[in-house]
Amino acid sequence: MPDDAGLQALREAARLSPDNLPLRQHLAGQLLAKGYLADAEAEFRAALVLSPKNPEIITGLAEAFVRQSAYGSALAALEPLLAEPGYPPRAGVLAARALAGEGDLGRAAYRYFEAISREPALADPEFAARLNPPPAPPPVPQPPAAPPAAPPAAPAPPAPALVTPQPGSPLAPQSNAEVQSSGLTFADVAGMEAVKEALRVKLLLPIQQPDLFAAFGKRAGGGVLLYGPPGAGKTHLARAAAGELGAAFVNVGLADILDMYIGSSERNLHATFDLARRNRPCVLFFDEVDALAARRSDMRQAHTRQLVNQFLAELDGVDQNANEGVLVLAATNAPWYVDAAFRRPGRLDQPVFVPPPDAAARAAILRILCRDKPLAEMDFDAVAKVTEHFVGADLKGVVDRAVEAKLQQSISAGRPIPLSTPDLLAAAQSVRPTAVREWMATARNYVMHANDSGAWDELMPWVKGKW
Ligand code: ADP
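Residues numbered from 1 in each chain as written. Predicted model: local features only at pLDDT ≥ 70, side-chain atom pairs only at ≥ 80, totals over all residues. Heavy atoms only, no water.

1. A word on the overall build of the protein chain
We count it as follows: Numbered from the N terminus, helices here are DSSP runs of H or I no shorter than four residues, and strands are runs of E no shorter than two. The criterion used for residue contact is that any of the two residues' heavy atoms lie within 4.5 Å. A 1.4 Å probe and the Shrake-Rupley method give the accessible areas. Residues count as covered only by the protein chains that appear here.
When helices and strands are counted, the protein chain shows 20 helices and six strands. Contacts in the protein chain between residues far apart in sequence, at least 24 positions, make up 71% of those at least 6 positions apart. Carbon and sulfur atoms provide 55% of the accessible area of the protein chain, an area that totals close to 22,700 Å².

Next comes the structure, spelled out in structure tokens:
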């Protein structure tokens, strides 16, 4: 029980005037600020009864929970708030802390970076470091040494307008991203025929039939924004597009770019584009791009806007040929946060929706996920039927779980026992699907209430469906 006189007076006032919302809220805030967490929790709960949807009270309650390590309660309190578009960034940071507390660092990083892209003042480098364990020192590709007295023989890759790297300086650009070979093709992507076709036309045909495209004044390059619920297969698809094209694949995560020092994120971004330019043809894939390309109007600080400007400058290139053979694929679960300037021609001008799989696609995904395992007779359609609302990532979880159980049985039996339909059905019972429904609810809000430009028309039939 707090023994602070001021608090006691406030508490007494609240007792005498129990329906005074501002008073209760103030008391709860004071208790929280002074670290009386259980009392703060009780006061926020009481205030919430008076004003059930109040975002400040919900975030206050969530903070009281997080600071008491009651992470599940914090997430449950925040859930309705986070389902609304444009929720307070502080709620996002608290959700990130709760998710990290539960060990879900991937989703924590997503929430955290999304929130600080909207309110950079909430950045906490120490917490961010927990989310992004420093990568192993990357192999830095060395440019060919120039002859001592002469300029380099090959023209240097053009620098973009905004950040000019200083060779040899401690801040000389390095890309943390790595060049990979994809190892997948569209044959490894089940279903999604419409999406594959859109990528073929946009990315593959201009390279396979350059003359035809040139005749219409079109050239290879540019980008596509893949959007849809988490786990629906955006990364998988991007990797397969690189393989289909015979292109190198550079997979860029937020940790490869975002840096707490002003200017460093822009340098990292430039270095990453340069890495792709040196390895063309190359698919440059940006995951969670909404954190790098957030709406500038939402940002309070100029230096975060600078990163968006840099990204736009890199996409445009300093001249026509700068990005020839560099295909930018970007993925986001929250396309509505991406600055509209990215949708201009030559940038990420083609948003492509990566939908959650229907029953036929789920059966096809399961077939692909199981293809290299010892199998009994399988009825993938039966498993697809009981996994409504599961996305590719969830189905992978089902297969992984079933395989683990089978492995245990095989070890006990001393011989390999093939995987069967009941194994998958049992595993499906124990896997909870990720948040497709919640995603659809958020998408519905944007499609119905913030679709003036028609940007989300493609989603209309989906959000009107049953979820
Ligand atoms: P996202 O990038 O949309 O969050 P991912 O691409 O990481 O989702 O998908 C997670 C995993 O689910 C992939 O690694 C892949 O194994 C599986 N997966 C998703 N969609 C498909 C698909 N259409 N065909 C085959 N596997 C898929």
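Let's pick the thread back up.
2. Observations regarding the confidence of the model for the protein chain
Heads up, the condition is: What pLDDT reports is the predictor's confidence in each residue, on a scale of 0 through 100.
Put simply, the protein chain has an average pLDDT of 82, and 86% of its residues get 70 or more. Contacts for the low-pLDDT stretch residues 134–172, under 50 throughout, to residues beyond four places or in other chains number 35 contacts.

3. Side note on the packing of aromatic side chains
Inclusion rule: Pairs were defined over the aromatic rings of Phe, Tyr and Trp, the Trp ring being its six-membered one, requiring ring centres within 6.5 Å. Orientation was assigned from the angle between planes: stacked under 30 degrees, edge-to-face over 60, tilted for the rest. Three exposure classes are used, based on accessible area relative to the maximum for each residue type with a 1.4 Å probe and protein chains only: buried under 20%, partly exposed in between, and exposed over 50%. Remark: a charge is flagged as sitting over a ring if the NZ atom of Lys or the CZ atom of Arg is within 6 Å of the ring centre and within 35 degrees of the ring normal.
Here the structure, examined in full by the defined rule, presents 13 aromatic pairs. Centroid distance W336 to Y446: 4.5 Å. Interplanar angle 5 degrees. Geometry classified as stacked. One end of the pair, W336, is in the loop between strand 5 (326–332) and strand 6 (350–353); the other, Y446, is in helix 19 (residues 436–449), and 110 residues separate them in sequence. We note that W336, like Y446, is buried. The rings of Y227, W336, F353, W439, Y446, W456 and W462 are connected pair by pair, giving a single aromatic cluster. Stacked on the ring of F127, the Lys or Arg R97 has its end atom at 4.6 Å from the ring centre.

4. Observations concerning the packing of helix 2 (residues 21–33) against helix 3 (residues 37–50)
Put simply, the test is: To define axes, lines are fitted to C-alpha atoms, for helices over the stretch in contact only, and angles between the resulting N-to-C directions are given on a 0 to 180 degree scale. Should an angle fall under 35 degrees it is called roughly parallel, over 145 degrees roughly antiparallel, and 65 to 115 degrees roughly perpendicular, with every other angle called oblique. Left-handed describes a crossing whose near helix is turned anticlockwise from the far helix through less than a right angle; right-handed describes the clockwise counterpart.
Closest axis-to-axis distance for the helix 2/helix 3 pair is 8 Å, and the angle between their directions is 160 degrees. The angle between helix 2 and helix 3 places the two elements in the roughly antiparallel class. The chirality of how helix 2 crosses helix 3 is left-handed. Where helix 2 approaches helix 3, its residues L21, R24, L27, A28, G29, L31 and L32 are matched on the opposing element by L37, D39, A40, E43, F44, A46, A47 and L50.

5. Here's the deal with the packing of helix 17 (residues 392–413) against helix 18 (residues 421–430)
Basically, it comes down to this: Gly is put with the polar residues, along with every residue not named as nonpolar or charged; the nonpolar set is Ala, Val, Leu, Ile, Met, Phe, Trp, Tyr, Cys and Pro, and the charged set is Asp, Glu, Lys and Arg.
Taken N-terminus to C-terminus, the directions of helix 17 and helix 18 make an angle of 120 degrees; their axes are 8 Å apart at the nearest point. Between helix 17 and helix 18, the crossing angle belongs to the class labelled oblique. The handedness of the crossing between helix 17 and helix 18 comes out as right-handed. For the pair helix 17 and helix 18, contact is made by V398, V399, R401, A402 and K406 and by D423, L424, A427, A428 and S430, respectively. Counted by class, the contact of helix 17 with helix 18 contains six nonpolar, one polar and three charged residues.

6. A word on the pattern of salt bridges
Selection rule: Any Lys or Arg side-chain nitrogen located within 4 Å of an Asp or Glu carboxyl oxygen qualifies as a salt bridge.
Using the criterion set out here, one finds 16 salt bridges in the structure. The salt bridge partner of R90 is E63, with a shortest N-O separation of 2.6 Å. Remark: E63 occurs in helix 4 (residues 55–67) and R90 occurs in helix 6 (residues 89–101); sequence separation between them is 27 residues. Overall, R90 belongs to the partly exposed group, its relative accessible area being 33%. Taking the relative accessible area as the measure of exposure, E63 reaches 18% and is therefore buried. Of the charged contacts in the structure, one is a salt bridge between K406 and D423, with a shortest N-O distance of 3.0 Å.

7. Some points on the site of the ligand
Threshold: Proximity criterion: a residue is near a molecule or strand once any of its heavy atoms comes within 4 Å of it. In protein, a polar contact requires one atom able to donate a hydrogen and another able to accept it; more generally it is a pair of N or O atoms within 3.5 Å, and residues adjacent in sequence count only if both atoms are side-chain atoms. Domain delimitation in this document rests on an assignment produced automatically or drawn from a domain database.
In the vicinity of the ligand, 16 residues are found, and the nearest of them are A190, G231, K234, T235 and H236. In this structure, an oxygen atom belonging to the ligand sits 3.3 Å away from a main-chain N or O atom of A232. One nitrogen or oxygen atom from the main chain of G233 is found 3.0 Å from an oxygen atom belonging to the ligand. Within the complex, the protein chains bury 83% of what would otherwise be the 570 Å² of accessible surface of the ligand. Elements that contribute at least two residues to the shell around the ligand include exactly helix 11 (234–245), helix 15 (359–370) and helix 17. Split by residue class, the shell around the ligand holds eight nonpolar, five polar and three charged. Here the shell around the ligand spans two domains, since at least three of its residues come from each of domain 2 (179–353) and domain 3 (359–429).

8. Considerations on the nonpolar core
In plain terms, the rule: Note on terminology: a nonpolar core comprises buried Ala, Val, Leu, Ile, Met, Phe, Trp, Tyr and Cys residues joined through side-chain atoms within 4.5 Å.
Ranked by internal contacts, the top residues of the largest apolar core, which has 116 residues, are F286, F311 and L459. Element by element, the count of residues in this core is highest for helix 6, at eight residues. Grouped together as the second largest cluster of nonpolar side chains are 19 residues, I365, F380, V398 and A428 included.

9. A word on the pairing of strand 3 (residues 248–252)
As a reminder, the rule being used: One bridge is not enough; two strands pair if DSSP finds at least two bridges between them.
With respect to burial, strand 3 is a largely interior element, four of its five residues being buried. Bridge count between strand 3 and strand 4 (residues 282–286): five bridges; the pairing is parallel. Note on strand 4: the bridge partner recorded for V250 is L284.

10. Things to note about the pairing of strand 4
In terms of burial, strand 4 is largely enclosed, as five of its five residues are buried. Where strand 4 lies against strand 5, five bridges are found, and the strand directions are parallel. Pairing of C282 across the sheet is with V326, part of strand 5.

11. Some details on the side chain of K234
Our working definition: The sign given to each residue is positive for Lys and Arg and negative for Asp and Glu; His and the chain ends receive no count.
Summarising the element assignment, K234 is placed in helix 11. D287 provides the closest opposite charge to the buried, salt-bridge-free K234, at an N-O distance of 6.5 Å. Reaching out from K234, the side chain makes a polar contact with the backbone oxygen of G228 at a distance of 3.2 Å. Discounting residues that sit within four places of it in the chain, K234 has contacts with L226, Y227, G228, P229, F285, A331, T332, N333 and V354.

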